[in-house]
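Secondary and tertiary structure notes
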Amino acid sequence: MQNDTRLIQQLKNKDEGALSLLYDKYSGAIYSIILKMIRDEGKAQNLLQDTFMTVWDKAENYDATKGRFYTWVYRIAKNKTLNVLRKNDPLIQTDDFSVYKNKEEAISIVNEYLELKGAITSLEAHHKEAIELVYFKGLTHREAHKEMNVPLGTFKSYVRQALKELRTTYSKAISVLLLILNVL
């Protein structure tokens, strides 16, 4: 992260070398996420380039106090990909059943996310906060336990208990959560 801090500052100063190094470091993981969502290599490559162009243009908006750099780039990529998936282009031929399949998968992902979010809101406050810090804000366990002002072991226990509760209250939630974990 220390090396990233220097690179991010250089990126904010419009240093192309810093963008190149950050691209090399993060593009593989970001591309994988985009490709899993859009399932089209050509579109995924274009979205990856578009994501890093946005990173270049909006670098000054990145705030390290709100989350990790990777998480910020991930959210840009995810939002761009979802926008492409949601785009309703009347010029697209809809007689091809694979078009319907892709739209249904995108809607299914969004629906599963909403159901997972609902399952998380039913957790006890400290469990909910632990899950949100780690899985949605992108903090490590070490960063998150300090944020919650509890011992590291206690924090890890909160996460385990929350996952156990999610497993019993919503069986799909854990598979979506594991998908998120694999992506991050």
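Note: the structure precedes this text.
A few points on the structure. (Residues numbered from 1 in each chain as written. Predicted model: local features only at pLDDT ≥ 70, side-chain atom pairs only at ≥ 80, totals over all residues. Heavy atoms only, no water.)

The next point concerns the packing of aromatic side chains. For any pair of aromatic rings, the description rests on two quantities: the centre-to-centre distance and the angle between the ring planes. Summed over the entire model, instances satisfying the criterion amount to 7 aromatic pairs. Pairing Y23 with F52 gives two aromatic rings, centres 4.8 Å apart and planes at 70°, and the pair type is edge-to-face. Here the residue Y23 occupies a position in helix α2 (residues 16-38), and F52 occupies one in helix α3 (residues 41-58), the gap between them amounting to 29 residues. Residue Y23 is classed as partly exposed on the basis of its relative accessible area of 24%. (Phe/Tyr/Trp six-rings, centres within 6.5 Å; stacked < 30°, edge-to-face > 60°. Helix = DSSP H or I, 4+ residues; strand = E, 2+ residues; numbered from the N terminus. Buried < 20%, exposed > 50% of the residue type's maximum accessible area, 1.4 Å probe, protein only.)

Moving on to the side chain of T71. Looking at the element boundaries, T71 is found in helix α4 (residues 69-86). Judged by relative accessible area, T71 falls into the buried class, the value being 4%.

Not every positive phi belongs to a glycine, and K14 is a case in point at roughly 65°. As for its position among the elements, K14 is in the loop between α1 (2-12) and α2. The class of K14 is partly exposed, set by a relative accessible area of 37%. For R39, which is not glycine, the phi dihedral falls at a positive 55°. Examined against the element boundaries, R39 turns out to sit in the loop between α2 and α3. For R39, a relative accessible area of 58% corresponds to the exposed category.

So, about a positive patch on the surface. Taken together, the side chains of R142, K146, K156 and R160 present a region of like positive charge at the surface. If you list the elements that add at least two residues to the positive patch, you get α7 (141-148) and α8 (152-169). Residue placement: R142 occurs in helix α7. (Patch = residues over 30% accessible without salt bridge, like charges linked within 9 Å, V, L, I, M, F, W, Y side chains within 5 Å. Areas by Shrake-Rupley, 256 points an atom, 1.4 Å probe, with all protein chains shown as cover. Salt bridge = Lys/Arg side-chain N within 4 Å of Asp/Glu carboxyl O. Lys, Arg positive; Asp, Glu negative; His and termini not counted. Charge placed at Lys NZ, Arg CZ, Asp CG, Glu CD.)

Next up on the list: the pattern of salt bridges. This model, assessed by the stated rule, comprises 2 salt bridges. One salt bridge connects K25 with D4, and the closest N-O pair in it is separated by 2.9 Å. One end of the pair, K25, is in helix α2; the other, D4, is in helix α1, with 21 residues separating them in the sequence. Notably, a salt bridge pairs K80 with D50, separated by 3.3 Å at the nearest N-O pair. On the criterion of sequence distance, the pair formed by K80 in helix α4 and D50 in helix α3 is long-range, its members being 30 residues apart. The class of D50 is partly exposed, set by a relative accessible area of 35%.

Attention now goes to the nonpolar core. General note: in soluble globular proteins, nonpolar side chains tend to be found buried as a group. L11, I30, I34, V55 and F69 are the most contacted members of the largest nonpolar core, which has 29 residues in total. At the level of secondary structure, the elements contributing two or more residues to this core comprise α1, α2, α3 and α4. With 10 residues, the top contributor of residues to this core is α2. In contact with L11, other than residues within four places in its own chain, are A18, L19, L22, V55, W56, A59 and F69. Of all hydrophobic cores here, the second largest spans 19 residues; its members include V134, Y135, F136 and L166. (Core = buried A, V, L, I, M, F, W, Y, C linked by side-chain atoms within 4.5 Å. Contact = heavy atoms within 4.5 Å.)

With that settled, the discussion passes to the environment of H145. Looking at where H145 falls in the secondary structure, it is placed in helix α7. When the C-alpha positions of H145 and Y158 are compared, they lie 9.9 Å apart, and in sequence the two are 13 residues distant. In this structure, H145 is in contact with V150, P151, L152 and F155, ignoring residues within four places of it in sequence. Separated by 2.7 Å, the side chain of H145 and the backbone oxygen of V150 make a polar contact. (Polar contact = N/O pair within 3.5 Å; in protein donor to acceptor, adjacent residues only side chain to side chain.)

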